[in-house]
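# Topology and contacts: notes
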Amino acid sequence: MFAARLKQARELRGIASQRALGVLMGLDKKLASSRVNRYETEVSGIDLDGLGRLADVLGVPMAYLVARDDHMADVILALEELSPEERADAALWLLKKLNR
């Protein structure tokens, strides 16, 4: 899921190439394309620092990139758009729904 979500987020943000994303992450120009390609094809994993840089560049929460499924990813993006107070209300509503 991570690889597909990464590619989708890159395309949605209008970042035309893997190289461009890598450079925006601060990677060396010579390595940028191959490194992002390895992430998008799941040949190689990413550490938390790299995940954080990716999320920042793509303008999404880190949790979105590693969400278990598309529904969870959609909820994470929706929560990101809410104010802190609205997020607190949403969390309370969900916890009540789960009887917690």
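One structure accompanies this document, and this report is about it. (Residues numbered from 1 in each chain as written. Predicted model: local features only at pLDDT ≥ 70, side-chain atom pairs only at ≥ 80, totals over all residues. Heavy atoms only, no water.)

## Some thoughts on the overall build of the protein
In plain terms, the rule: Numbering of helices and strands runs from the N terminus; a helix is a DSSP stretch of H or I covering at least four residues, while a strand is a stretch of E covering at least two. Throughout, exposure labels follow a simple rule: accessible area from a 1.4 Å probe, protein chains only, divided by the maximum for the residue type, with under 20% read as buried, over 50% as exposed, and the rest as partly exposed. Here a residue-residue contact requires only that any non-hydrogen atoms of the pair lie within 4.5 Å. Each accessible area value is a Shrake-Rupley result obtained with a 1.4 Å probe; residue values ignore everything except the protein chains displayed when judging cover.
Helix and strand counts for the protein come out as seven helices and zero strands. What you see in the protein, going N to C, is helices and strands ordered as α-α-α-α-α-α-α. Considering the protein as a whole, with its 100 residues, one finds that 29% of them fall into the buried category. Counted over contacts in the protein with a minimum sequence separation of 6, partners at least 24 positions apart contribute 46%. In the form shown here, the protein has an accessible surface area of approximately 6,800 Å², with 55% of it arising from carbon and sulfur atoms.

## What about the packing of helix H1 (residues 2–12) against helix H4 (residues 48–58)?
Note the threshold: Fitting a line to C-alpha atoms yields each axis, with helices limited to the stretch in contact; the angle taken between N-to-C directions then spans 0 to 180 degrees. Any angle that is under 35 degrees is reported as roughly parallel, and any over 145 degrees as roughly antiparallel; angles of 65 to 115 degrees are reported as roughly perpendicular and all others as oblique. Two helices that cross are described as forming a left-handed crossing if the nearer one is turned anticlockwise from the farther one by less than a right angle, and a right-handed crossing if clockwise.
Where H1 contacts H4, the axes come no closer than 10 Å and their chain directions differ by 30°. Here H1 is positioned roughly parallel relative to H4, judged by the angle of their axes. Along this stretch, H1 crosses H4, giving a crossing that reads as left-handed. For the pair H1 and H4, contact is made by Phe-2, Leu-6, Ala-9 and Arg-10 and by Leu-51, Leu-54 and Leu-58, respectively.

## Points about helix H7 (residues 84–97)
Note the cut-off: A helix is expected to reach a length of 1.5 Å times the quantity of its residues less one.
The terminal C-alpha atoms of H7, which comprises 14 residues, lie 20 Å apart, in line with the 20 Å expected from a rise of 1.5 Å per residue. With zero of 14 residues buried, H7 lies mostly on the surface of the structure. At the exit of H7 stands Asn-99, carrying a positive phi of roughly 60°.

## Here's the deal with a nonpolar patch on the surface
The cut-off we apply is this: Patches here: salt-bridge-free residues with over 30% relative accessible area, like charges joined within 9 Å, nonpolar side chains (Val, Leu, Ile, Met, Phe, Trp, Tyr) joined within 5 Å. Take a side-chain nitrogen of Lys or Arg and a carboxyl oxygen of Asp or Glu: if they are within 4 Å of each other, that pair is a salt bridge.
A cluster of nonpolar side chains, contributed by Trp-93, Leu-94 and Leu-98, occupies part of the molecular surface with about 340 Å² of accessible area. The topology assignment puts Leu-98 in the segment after H7.

## Concerning unusual backbone geometry
The residue Glu-42 is not glycine, and still its phi comes out positive at about 60°. As for its position among the elements, Glu-42 is in the loop between helix H3 (29–40) and H4.

## Brief notes about the side chain of Gln-18
Condition: Whenever a nitrogen or oxygen atom comes within 3.5 Å of another N or O atom, the pair is scored as a polar contact, on the condition that within protein one atom can donate a hydrogen and the other can accept it, and that pairs from neighbouring residues in sequence are kept only if both atoms are in side chains.
Examined against the element boundaries, Gln-18 turns out to sit in helix H2 (residues 18–24). At 3.2 Å, the side chain of Gln-18 forms a polar contact with the side chain of Asn-37. Not counting residues up to four positions away in its chain, the partners in contact with Gln-18 are Arg-10, Ala-32, Ser-33, Val-36, Asn-37 and Glu-40.

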